[in-house]
Amino acid sequence: MTAVRPAPHPAPRPARHSAARRVPPAVFAGVAAVGLAVSAWGVRDRTTWFLETFWVLAGLPLVVLLWRRFPLTGLLCALLAAHALVLAVGGHYTYARVPAGDWVRDTFGLSRNPYDRFGHLMQGFVPAVLVRELLARTSPLRGSRWLAPLTVCACLAFSACFELLEWAAAEIGGHGADAFLATQGDVWDTQWDMFCALIGAVLSLLLLSRAHDRQLAVLEARAAG
């Protein structure tokens, strides 16, 4: 009696290359540049706009200049573009007067425009991936248990430095820096800002670390090939 051989399993279909679906980095750079240009039109306060968007004005050319030597993951590019838009909107209206924040305040009966809190949440959420990428690629910390806590510490340190810059601006500009500070009468605004950045950094690592590791591996494979 002839034994019946089991039917062979069909060969797995080759997965589509992720690069085919990857958004070109130039698109993210273009979004940030256009958002910055639009935000500069008809601003409420030119000095406040410059102070709020300084990181985009300085960071975008730096990323472009260093791209050949140090390209970034697509995840980080998308987050940097999103953060640039948040800064551009805050610079255009000033954080205390962003219309979307006014709508949230009125809808939920809040005591202040919350866009400033959202901005500082992003101040931790996006730099967490930036710091994580820099440490993973330029230090022995990749795969280390210390990578996450040191990333959070770096983000909190950056937030504290930013608060010191706001303090310096207030000392130099007096009441003219009120729009930049966006305290809206809250004596604990500085502490809230740093706390929001801390929450943003922790959330970013919890939600994005695995996806970030996959993109870092792809980037490393391209560099090796």
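So, how was this worked out
Residues numbered from 1 in each chain as written. Predicted model: local features only at pLDDT ≥ 70, side-chain atom pairs only at ≥ 80, totals over all residues. Heavy atoms only, no water. Phe/Tyr/Trp six-rings, centres within 6.5 Å; stacked < 30°, edge-to-face > 60°. Lys NZ or Arg CZ within 6 Å of the ring centre and 35° of its normal. Helix = DSSP H or I, 4+ residues; strand = E, 2+ residues; numbered from the N terminus. Expected span 1.5 Å × (residues − 1). Buried < 20%, exposed > 50% of the residue type's maximum accessible area, 1.4 Å probe, protein only. Polar contact = N/O pair within 3.5 Å; in protein donor to acceptor, adjacent residues only side chain to side chain. pLDDT = per-residue confidence, 0-100. Contact = heavy atoms within 4.5 Å. Core = buried A, V, L, I, M, F, W, Y, C linked by side-chain atoms within 4.5 Å. Patch = residues over 30% accessible without salt bridge, like charges linked within 9 Å, V, L, I, M, F, W, Y side chains within 5 Å. Areas by Shrake-Rupley, 256 points an atom, 1.4 Å probe, with all protein chains shown as cover. Salt bridge = Lys/Arg side-chain N within 4 Å of Asp/Glu carboxyl O. Axes fitted to C-alpha atoms, helices over the stretch in contact; angles between N-to-C directions. Parallel < 35°, antiparallel > 145°, perpendicular 65-115°, else oblique. Nonpolar A, V, L, I, M, F, W, Y, C, P; charged D, E, K, R; others polar.

1. Some details on the packing of aromatic side chains
Think of a pair of aromatic rings as described by two things: how far the centres are apart, and how the planes are tilted against each other in angle.
Here's step 1: Under the defined criterion, the tally for this structure stands at 7 aromatic pairs.
Here's step 2: Among the aromatic residues, those joined into a cluster by ring pairs are Phe50, Phe54, Trp55, Phe158 and Phe162.
Here's step 3: Across the ring face of Trp49, the terminal group of Arg46 is positioned such that the distance to the ring centre comes to 5.8 Å.
Here's step 4: Above the plane of the ring of Phe70 lies Arg137, whose end atom (NZ or CZ) is 3.8 Å from the centre.

2. Here we look at helix α3 (residues 46–66)
Here's step 1: In this model α3 runs 29 Å from its N-terminal to its C-terminal C-alpha over 21 residues, within 8% of the 30 Å that 1.5 Å per residue would give.
Here's step 2: For α3, every residue scored as buried is listed here: Thr48, Trp49, Glu52, Thr53 and Val56.
Here's step 3: The N-cap residue of α3 is Asp45: its side-chain oxygen and the backbone nitrogen of Thr47 are 3.3 Å apart.

3. Remarks on the confidence of the model for the protein chain
Here's step 1: When pLDDT is averaged along the protein chain, the result is 87, and 85% of the positions lie at 70 or above.
Here's step 2: Low pLDDT, under 50, characterises residues 9–20; the stretch is placed with 2 contacts to residues that sit more than four places away or in other chains.

4. Looking at the nonpolar core
Here's step 1: Grouped together as the largest cluster of nonpolar side chains are 24 residues, with contacts concentrated most on Trp49, Val56, Leu75, Leu79, Tyr115, Val129 and Leu208.
Here's step 2: Within the residue set of this core, elements represented by two or more residues are α2 (25–39), α3, α4 (74–93) and α6 (115–138).
Here's step 3: Sorting elements by how many residues they give to this core places α4 first, with 8 residues.
Here's step 4: Filtering out sequence-adjacent residues up to four positions away, Trp49 remains in contact with Leu36, Ser39, Ala40, Val43, Leu57, Gly91 and His92.
Here's step 5: Listed in part, the 6 residues of the second largest apolar core include Ala128, Val131, Cys155 and Ala201.

5. Thoughts on a nonpolar patch on the surface
Here's step 1: On the surface, Val187, Trp188, Trp192, Phe195, Ile199, Val202, Leu203, Leu206 and Leu207 cluster together into a nonpolar patch covering about 950 Å² of accessible area.
Here's step 2: With respect to the element layout, Val187 can be found in the loop between α8 (178–181) and α9 (189–224).
Here's step 3: Given the relative accessible area of 70%, Val187 is considered exposed.

6. Quick word on the packing of α4 against α9
Here's step 1: Put simply, α4 and α9 touch, their axes get as near as 8 Å, and they point 125° apart. Classed by the angle they form, the pair α4 and α9 counts as oblique. From α4, Gly74, Leu75 and Leu79 reach across to α9, where they touch Leu208, His212 and Gln215.
Here's step 2: Its residues placed into classes, the contact of α4 with α9 shows 3 nonpolar, 3 polar and no charged.

7. Comments concerning unusual backbone geometry
Here's step 1: Of note, the phi angle at Thr94 is positive, near 75°, even though the residue is not glycine.
Here's step 2: Among the secondary structure elements, Thr94 is positioned in the loop between α4 and α5 (99–108).

8. A word on the pattern of salt bridges
Note that side chains of opposite charge can pair when their charged atoms are close.
Here's step 1: One pass over the structure, following the stated rule, counts 9 salt bridges.
Here's step 2: A salt bridge links Arg117 to Asp193, with the shortest nitrogen-to-oxygen separation between them at 3.5 Å. Here the residue Arg117 occupies a position in helix α6, and Asp193 occupies one in helix α9, the gap between them amounting to 76 residues. Like Asp193, Arg117 is buried.

9. Brief notes about the environment of Ala37
Here's step 1: Relative to the helices and strands, Ala37 resides in helix α2.
Here's step 2: Linking Ala37 and Ala88, residues 51 residues apart in sequence, is a C-alpha distance of 8.7 Å.

10. Regarding α4
Here's step 1: Its 20 residues place the ends of α4 29 Å apart at the C-alpha level, agreeing with the 28 Å of an ideal helix rising 1.5 Å per residue.
Here's step 2: Counting buried positions along α4 yields 14 of 20 residues, so the element is predominantly enclosed.
Here's step 3: Downstream of α4 by one or two residues, Thr94 has phi in the positive range, about 75°.

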